[in-house]
Structures are given as C-alpha cells and as structure tokens.
Amino acid sequence: MNKQYKKADVVIIGGGVFGCAIAYYYTRNNPGQKVIVLDRNELCNAATSHAAALVTKIRAKKPFIPLSLETYQVVAEMEKILGESMDMKFSGVIHLAASEARLAELKELMEIAAEFNQPAHYISPEEAHKMSPWLKTDEALSIGYMPDEAYCDPYLLGTFFSRCAKLQGAEFIQGLEALNLIMDGNDILGVHTKEGDIIAGTTIVASGAWAPKFAREAGVSLPMAPTRSQYWITEKNNIFPVNSPIVLLPDAQAYARPEGGSLLFGIRERNSLSVSADLIPSNVNDFSFSPDKGVQDLSEVIDRLARFFPKVYDIGMKYYVAGFSGYTPDNNLSMGVAPGVNHLLMATGCVGAGISVSGGVGLAFAELAAGKANPYDFSAFDLQRFGEVDPFSPEWLERCARARSTKVSG
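Residues numbered from 1 in each chain as written. Predicted model: local features only at pLDDT ≥ 70, side-chain atom pairs only at ≥ 80, totals over all residues. Heavy atoms only, no water.

Time to look at the UniProt feature "domain: FAD dependent oxidoreductase" (unreviewed entry) in the protein chain. UniProt tags residues 9–368 as "domain: FAD dependent oxidoreductase" (unreviewed entry). As annotated, residues 9–368 comprises 28% helix and 27% strand, and the C-alpha atoms at either end are separated by 12 Å. (UniProt positions renumbered as here; feature names shortened; annotations may be inferred. Helix = DSSP H or I, 4+ residues; strand = E, 2+ residues; numbered from the N terminus.)

Structure below.
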C-alpha cells in the first residue's frame, strides 16, 4: 500500500450529476460522516453538461418513475438551502401518437400517469399546434399532454448538488484522477491517486463512460457500453416560443424542447456509435463524436422528423452537441452492488435518463453506502441480468448501440 493521502467513509469516483447527487444525500442523511468526490477534470464536465436534460417523470419503464419524482422533490429542497432558483422549466410534455402501435403505448402511458397521481389529459391537434407552432399535427391519432413535466440546465443541477453537499461537509477534489482501485482479496479499500491512497469504507464508481474499466479491475463485467447521444439546436425563429412544451414523437424516434427561442431536438440515428471504454480519452471533449457534426446521421433520418416538423429543411442548425450515455440492450439502468466483491457500488448505465433519475439514484446509493436498504426496487437494473458478458467486445458494443438506435421513447 502506498502513502495514505486521505481517509473517508465513502469515496466517489466521478463528479458528474450522479456523483454529486450521492454526495448530497449521503452528507444530508449521515451528518459527521466523511465523503470525498474525485474528478480528474472539472465537476459535471462530461456527460452531465452535454445532456439534453429532459426531466420527464412519466415513462413506460415504471422503475424509473420514483427516481425522477425524487429529483423534483430534491430540486425544491436545494433551492431552499441555497436561497436561489434553479430555474426548472415546467413546460409540460406533449406525446403525439401517429400509428396504432404508438396509440396503444400512449394509452398505457396515460394510465401510468394516473397510477402515479400525475396530471395528464388528451388535447386536440389544434391545441398542440398552438402550444408548439412548429409542430405539424395532421397525422396525429391521439395527443397526450402532461403539464407538470420539465427540463433544466443539467450543469446547474449538478452544481446545485455539489454546492449543497459542500455545505454539508462533502469534500470535492477536482483535477485528481482515481488511477485504480485498492484491493485486498475481495475487499475494495479505496483508490490510488498520484497524491497517495484514499482509504474508504465504501467506494462508489460514478464515472460514466469510464466505469467499465474500474469494474474490470474488480473482476466485475459491467453490462453497459458508452454510447453516443447527440442532438442539434436550430437557429432562432418565432415558431419556437420560449415557453412551449417538450414534444415526444415516438413515430419519428425523436424529441424536442425549446432552447431560448430555438429548438433543441434529438433523433435516433440508424447506426448509433458505442465505443470501448478503453478508447475514450481522459477528457471526453477530446473525443471526435462525429467529424461532420452529425450531418450524415441526421440526413438519413430527417424525413421521419419532417413529418411533424416540416420546416426542419429550411431552418438552419446553429449547434451540434454530443456526449456519452451508458446504454444497455434493454434500455434499463445498470447499477447497484458490485457482485463478488465487498464495499464497491456501481452508479452507472444512465441510458440517456441520468438527469431525470439523478435524485433517486443519489438517494439510493447514499443509503446503500450507509449500510441501509435501498429505498427503491433496482431489480430491473441488476448488474447480472444479462449473465456473463464482455463489455469491451465488439458484439456487446453492437448490442448496446442497436438498443439506442431502436429506442422509441423515454
């Protein structure tokens, strides 16, 4: 063992929204306990800051919903602590169904909303177009509206978590890399850094795209793959009201939301890109996600979007944003207690929903780290549900990429 640099009850590898959320809940629920968050770059600088940040609560995958509901609660809690607003945009969500298959899914979604006591009702095509003037509703068979859904600034959410955690005693160390895990047989004792060892009772891996590498050190096959998520932001236009709703278009495999007088939209490309964690640089901003800024990917599927957004051909694109999400073949999160080792937790596999579920994920891992029961049902997210996998193999990467390409909603 090298020289001891620091000692803590919990050390968290990764200062993105998950790592910061865990630190917040752990320090809130365990006053006097020591938690250290390590990030080799800056907090919330990778996947978090590149997220489209739809904080949608009602989804077809019901295990996500309690996690997202907690996010809404904790935002209000942190605003009180800091005495400032996070400026969540409670714009609501329009779900447009334009096929029989999507019609059945929308009906189920509306029933789920009722089950979780969330407001939802059907609106006419004319009402939907009035709320979102860019939206062509001629083909709609049914349109649902959920008025309490929101989106946010993802970086701001992450920094709210970190600022509140600091006030509660958490220590954040930026610019210091967790080189590898400290192991004694099946026990994880902390992490090595260039400054020395950080010894901790529990180690939590919340390092996003790089998580499979830490898992491999512990002999754990982490069932997820770093998969590109990408979206575009249009030029400003008066057909994009700043207060218009999020729009989900499952028949186009697309989503959109307002962005300061522009439209931010994403659409699932035909060939998503999954990359081995071994090939991702230490600063994700140095990775070339798409040399042509997604132009080829967009051109191959733009006709699907144009059914509902015909002006997409005429309005210029101002920004292209891409980052990594941890995808799985079943589009469920992959997280929980690492099997076969002690004192290691994996807060990973966000499947594009990391911002929305961050509150629940933070609470769950804070409780697990404190030796308490997980307040949520994580059975759908079990790390062993796919059996033995090689998360670095081309076959596995392709399975995860295909899952994103075929994803319809959520």
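Okay, the sheet that holds strand β13 (residues 246–249) next. Strand order in the open sheet made by the eight strands is β5-β6-β4-β13-β14-β15-β12-β16, with mixed pairing throughout. One side of each edge strand has no neighbouring strand; the edge strands of this open sheet are β5 (121–122) and β16 (317–327). Sheet analysis places strand β4 (residues 93–97) next to β13, joined by three bridges and oriented parallel. The residue bridging H95 from the neighbouring strand is L248, located in β13. Helix α3 (residues 100–115) contacts β4, β5 and β6 (142–146) of the sheet and is inclined by roughly 25° relative to β6. The strands touched by helix α7 (residues 295–306) are β12 (225–234), β13, β14 (254–259) and β15 (262–267); relative to β15, the strand with the most contacts, the crossing angle is about 105°. (Pairing = 2+ DSSP bridges. Contact = heavy atoms within 4.5 Å. Axes fitted to C-alpha atoms, helices over the stretch in contact; angles between N-to-C directions.)

A separate point is the pattern of salt bridges. Here the structure, examined in full by the defined rule, presents 17 salt bridges. A salt bridge links E77 to R28; the nearest nitrogen and oxygen atoms lie 2.9 Å apart. Of the two residues, E77 is situated in helix α2 (residues 65–82) and R28 in helix α1 (residues 17–29); the sequence distance between them amounts to 49 residues. Note on E77: relative accessible area 28%, which makes it partly exposed. Three or more residues joined by partner-sharing salt bridges are found here, namely R228, E269, D297 and R404. (Salt bridge = Lys/Arg side-chain N within 4 Å of Asp/Glu carboxyl O. Buried < 20%, exposed > 50% of the residue type's maximum accessible area, 1.4 Å probe, protein only.)

The subject of this paragraph is the domain arrangement of the protein chain. For the protein chain, the assigned domains are domain 1 (5–72 + 154–224 + 329–389) and domain 2 (90–148 + 226–326). The C-alpha centroid of domain 2 is placed 28 Å from the C-alpha centroid of domain 1. Contacts between the two partners involve 29 residues from domain 1, matched on the other side by 31 residues from domain 2. When domain 1 packs against domain 2, the two sides together hide about 2,500 Å² of surface, and 64% of this comes from carbon and sulfur. Looking at the side of domain 1 facing domain 2, the largest losses of area belong to H50, L54 and I58, adding up to 25% of the total buried there. In this structure, D278 and R216 form a salt bridge, with 2.8 Å as the shortest nitrogen-oxygen distance. In this structure, the connection of domain 1 to domain 2 is made through 13 residue pairs in polar contact (both at pLDDT 80 or more). Counting residues per element, the ones that place at least two in the side of domain 1 that touches domain 2 are α2 and α6 (211–217). (Domains from an automatic or database assignment. Buried area = accessible area lost by both parts, 1.4 Å probe. Polar contact = N/O pair within 3.5 Å; in protein donor to acceptor, adjacent residues only side chain to side chain.)

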